[in-house]
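Residues per chain, in single letters:
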Amino acid sequence: MTRYIIRRLLQLIPIMFLISMIVFVLLQLAPGDPAAALEDNPNLTAEDRARFEERLGLNDPLHIKYLKWLGNTLQGNWGISVATKRPVLDEIGSRLPNTLRLMITAQVITLLIAIPIGIVSAVKQYSLFDHVSTTFAFMGQSIPVFWFGLMLIMIFSMTLKTADGGPLLPGGGMYDLRLYDEATAPFADRLRHMILPVAMLAMLGVGTYTRYTRGSMLEVLRQDYLRTARAKGQKERRVVLIHALKNAAIPIITILALDLPSVFGGAVFTETIFSWPGMGRLFIDAANRSDYDLLMGIVLMNAMLILIFNLIADVLYAVLDPRVRFD
Amino acid sequence: MSQKQFVRLALLLVGLFILAACQPQTVEVTRVVTETEQVEVTRVVTETVTEQGEQVEVTRVVTEEVEVTAVPAAQQEVIFALYQEPQILNPYIATQTASGEVNGAMIEGLVGASAEGDYIPVLAQEVPSLANGLVTYDEAADVLTVTYNLKEGVMWSDGAPFTCDDVLFTYEAIMDPESGAVSTSGYDQITNMECSDELTAVVTYSPFYAPFTGLFGSIMPRHATGAPAEMQRWPYNWHPIGTGPFKMTEWVPGDHITLVKNENYREAPEKPYLDRLVIRITPSREVGMALIQTGEVDFVWDLIEAVVPDLEGKPGVAVHITPGIGTERLLLNMADPTIDATDDPANNPHPLLGDVRVRQAIEAAINKDEINDVLLFGAASVGTGELNIGWGGAGCELTPSTFDPEAAMALLDEAGFTDADGDGIRECNGCETAAAGTPMRLKIQTTTGNQLREQAEQLIIEYLADVGIDMFIENVPSAELFGSWASGAFRKHGMYDVLMYTTSPGIDPHSFMFDFFHSSRMPLEANEGSGTNYMRYLNADNDAALEAAGATPDIPTRQQLYCQVMQQVQQDVPMIYLYNRAEIHATSDKLTGYQINTWDNQTWDSENWQMSE
Amino acid sequence: MTTNVTYLADQEAAERDEETMLQLVWRQFRKHKMAVLGMTVLLLLIVGVVVGPIVTPYDIERSSLRERYQPPSLVHPFGTDDLGRDMLTRILAGGRISLNIGFMSMVVALAIGVTVGSVAGFYGGKVDNILMRFTDIMLTLPRLFLLIIMVLLLRGINWPYLQESGGIVAIILVLGVLSWMSIARLVRGAFLSLRQMEFVEAARSLGLSNRRIIVRHILPNAVTPVIVAATLGMARAIISESGLSFLGFGVQPPTPTWGNMLSNAQQEMLRGHMWMAIFPGLMIFITVIAINYIGDGLRDALDPRHVG
């Protein structure tokens, strides 16, 4: 078991190496130039520019740049954001908690909604409830998530108002700046500001997870041992909840991990639309100003999180499914 | 490890992630009391009681009803919506306008710019000039000496005194080769700088440097920064200490920056009137516009002309408009775009734009009035040149071009571009600059994602189609358009037909006039792509006039020379000036004391801001 | 000679089977009401986007400034946009491009996915190991981030065809290159199970080349899951394109797509021009749900286990 985990962790190293190389080369070949921002300044001379470019090492050949970057990264120095001059890790560090808070809340809500619906749909296959929920799940999978976010703002922030004329639900920000700051913002106000972004992000997954839960429950419900359990006279509720759900959980866990890249993608849209200061928006900003080191850092951080979650899912899978052996 | 143990470990890991995610949620509830009300308060009280002659310390929990009164004269605050997050606040590293808006409320310079475009003293007692004797020019030795008398009793926001040494330090920091200041121009002309006493700075330039007054616009404290060579890494860059009316207490990246009253401000305690100035980062202008209508913000920065009708007359909103410094223009490439950065545009002309009649025809075909009226709702003014605003153009009459498609077609006919094959697009039939049969097809490029520019492009394409010129769009991200020589940016290397963007000149016209129109300022291999004469425009008279203007302190002479250059430019049409942008900001109508200023940041007078009831 | 005869016989049999197979599939498909509805909607859409821009009295790109920001009316059923262009006309023209991008990027993804999957599945062993590791890595990468980085990259390539009409070809390539992984996995899976089957052994004993065995004998059997995956992938590609364009990294104006018509939607919506935000998104939604239902119907019809 321990050996299995260690081996999997060791396997991550070449993968991260490969990913970093792919992304680095792609980024370096991309046009655009961090020195471009200087052009706004009419007092700038060529010498000013040349010094700027020299300092950033913009004129080194590709492989030198990569080796420099790799060496620094391995020492925990992920580079400096060209724009803010702050270390990339600091930049990410200040945004990552905000993104994770949004994502984890959204995932929990997604599962809380999707799993019960999926179970009921499967148990009462072909009932009215099943038809309605399947249709909704389908709609959820087909709706462009950013458009859904826009519609949420249109309805809950622009159309519906509170008694004093303010928006019913805030369409941006993390808390009310008129009343609070980072230290004093109360939980309730933060929660209110999370409702719409979380709803948008959860929308991404509810349909998918409902369908997966329903599918794997149906599969499990057909199995022989459940018939046995029933035949033994166990209550239907117990059969479904204990036996069936335990087995149906396995594929759901896999999907949860595999789905992570798309949740990160969804976070980009959510954060853009709701001005949520997370990693997704940081990425878009960095892409728009050719901030290479920062882009690299964000993609690597994401890839690392995804790989770690994949590992956790694999191991959980192995633990839950006695048929899988570690070797 | 058993399976059970492992599940626990995994759950622990997941739990850690969740904890990390929730970490900044301090559950400490502050309630703002707006009216006098009864509140139940629970307190832990420790008191000493004398009990049977012995002193005993007793701790107990007390719940009592207390009458709480609202803070008299409620907190005065302004929430300022900024659609661009400052990346860094060090005034000599930052390149964004947004950075200036934030540090404008904290950092001051020796001299500033008033709303009228005049220099005004800030940390200096008066603006140095020949008239007040603080500027002297030794023509024989070509030495310019500028003396600044600094205000007395000024303190940094941390309480340390402001002295001439800080001015000297600012100069040292800019000029340190390691410091990475974005621009050293002007400061590199300084031959000597010294503090003759605590409050007197003497700066010597040689040779003569015309736009000297614009220097020292921000002063940095020696004691609260670091070594000049370390400037890129100073903590100051994200938490500046200034002499201005506000100081920073909090910066939540991507969300907001909180500034509070600087108790050590020289006009304290009367000014600033505001207790807090919160900069709220919004993803777009439009979000800010929506927020000001619901009263969630009090100031929306940098609006465009097209949205003025959306806000004007809205309850609670005041729109501030003044002619701006930026001019939206088309750059016409006069050199062959297939040659990388030619130094000889005269013998390698652009096949279409190399002929002055074609350039004149394009200008005559464009209906600038309609662009202004329809796209900008008449809020801007039709462009004429660089000198539309500020002292550089005083007394210079420049007439706008006239919209005349007939004249445009006549000019094209005359230049040998006619539509012989009847497809609606002219081609070269006896023209001077292109091979016979070359169709009049031109590419126009601007930055992507700018709705107003995209709209203007559409109109221009239609105007040109009406006179038989086929124009098509190929927009690129701004980083690419404004890319450097080294990155091979097509603008620098002259590989384009027509470009469109805005440039905002500084208060002194010299650097931009010289850089746009002097022949030595074409980006070339030889000068490593410096200069901004992207049109590769050549005119010997202009070269001479620009050189003369840079060599004299006499303002009227300089004005006359710049005007002469601009009139020539109007004839030669290397650029087509579409419209002069208006400077537009919206505020809550409760905000008083604010005066719009196109020459400076809008927070320039934030010490005067007040929220009326 | 023997080979040829067998081959001919094979083909005839295959054609006969195909006919009945198609009929069977259609019969099954018809039972899925939502799939039939989806098919109808999609057909209508295709007719609309092909015919619409031809019969409309309005120009797709030419602006008409006096008619800017008109809310929906009889003259302009979907209103007009910021340049006074008829939204319905642009939505139909944009639909043509959005559907095209969805379809073509799936063709690219199929080409890559089928090749990688076949090679890995057929040869197995080391080849399989390397290719599948690579596929797994690609699946792990945050897709949207990579899409944007690749768009940035392609913008720097000065190949006119790539940038023409707002960069449609570039977007097709980028979407295709990042969407082949699930197809590769499916094809490989089908191969692994099919490769051991008797008819492959038979073909091999007849001395057919590897290429021929793959193309003629194994691939047709792997087609079922791939068709379903490709259909669903097309829906995904349409959403991806719209998302990229929404963020400003997709097809550039004035070429309309449903995505870039929404790129200013948030701003326009906040200024009260709600119709500009509603209609293009609604079209994406309807199209994607129709395609998803078709995919669902196909899965049921093609999968023998999914009867009923």
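Presented here is an overview of the structure given in this document. (Residues numbered from 1 in each chain as written. Chains lettered and ligands numbered in written order. Predicted model: local features only at pLDDT ≥ 70, side-chain atom pairs only at ≥ 80, totals over all residues. Heavy atoms only, no water.)

Things to note about the interface of chain A and chain C
- Across the boundary between the two partners, chain A contributes 41 residues, which contact 41 residues of chain C.
- There are 1 salt bridge connecting chain A and chain C.
- Its salt-bridge partner being C:Asp296, residue A:Arg211 comes within 3.6 Å of it at the nearest N-O pair.
- Linking chain A with chain C are 4 residue pairs in polar contact (both at pLDDT 80 or more).
- The set of elements that each furnish at least two residues to the side of chain A that touches chain C consists of helix 1 (2–29), helix 5 (128–142), helix 6 (145–159), helix 10 (260–273), helix 11 (279–288) and helix 12 (292–320) of chain A. (Contact = heavy atoms within 4.5 Å. Salt bridge = Lys/Arg side-chain N within 4 Å of Asp/Glu carboxyl O. Polar contact = N/O pair within 3.5 Å; in protein donor to acceptor, adjacent residues only side chain to side chain. Helix = DSSP H or I, 4+ residues; strand = E, 2+ residues; numbered from the N terminus.)

Description of the environment of A:Leu89
Residue and element names in this part refer to chain A.
- Within the element layout of this structure, Leu 89 appears in helix 4 (residues 88–123).
- Once the C-alpha coordinates of Leu 89 and Leu 294 are considered, the two residues, 205 residues apart in sequence, prove to be 8.5 Å apart.
- Excluding anything up to four places from it in sequence, Leu 89 contacts Gly 76, Trp 78 and Met 301.

Brief notes about helix 5 (residues 143–155) of chain C
- Along its 13 residues, helix 5 of chain C runs 18 Å from first to last C-alpha, staying within 8% of the 18 Å computed at 1.5 Å per residue.
- Extensive coverage of helix 5 of chain C is indicated by the burial of 13 of its 13 residues. (Expected span 1.5 Å × (residues − 1). Buried < 20%, exposed > 50% of the residue type's maximum accessible area, 1.4 Å probe, protein only.)

Thoughts on unusual backbone geometry
Residue and element names in this part refer to chain B.
- In the segment running from Ala 268 into Pro 269, the intervening peptide bond is cis, with an omega of 5 degrees.
- Inspection of the secondary structure assignment puts Pro 269 in the loop between strand 11 (256–261) and strand 12 (276–281).
- Each neighbour pair has its own omega, and for Lys 271 with Pro 272 the value is -5 degrees, a cis peptide bond.
- You can see Pro 272 is positioned in the loop between strand 11 and strand 12.
- Although it is not a glycine, Arg 536 sits at a positive phi angle of roughly 55 degrees.
- Mapping Arg 536 onto the fold places it in the loop between helix 11 (510–517) and helix 12 (540–549).
- Overall, Arg 536 belongs to the buried group, its relative accessible area being 2%.
- For Val 573, which is not glycine, the phi dihedral falls at a positive 50 degrees.
- Looking at Val 573, the relative accessible area reads 1%, which means it is buried.

Interpretation in functional terms is not warranted from these geometric data alone.
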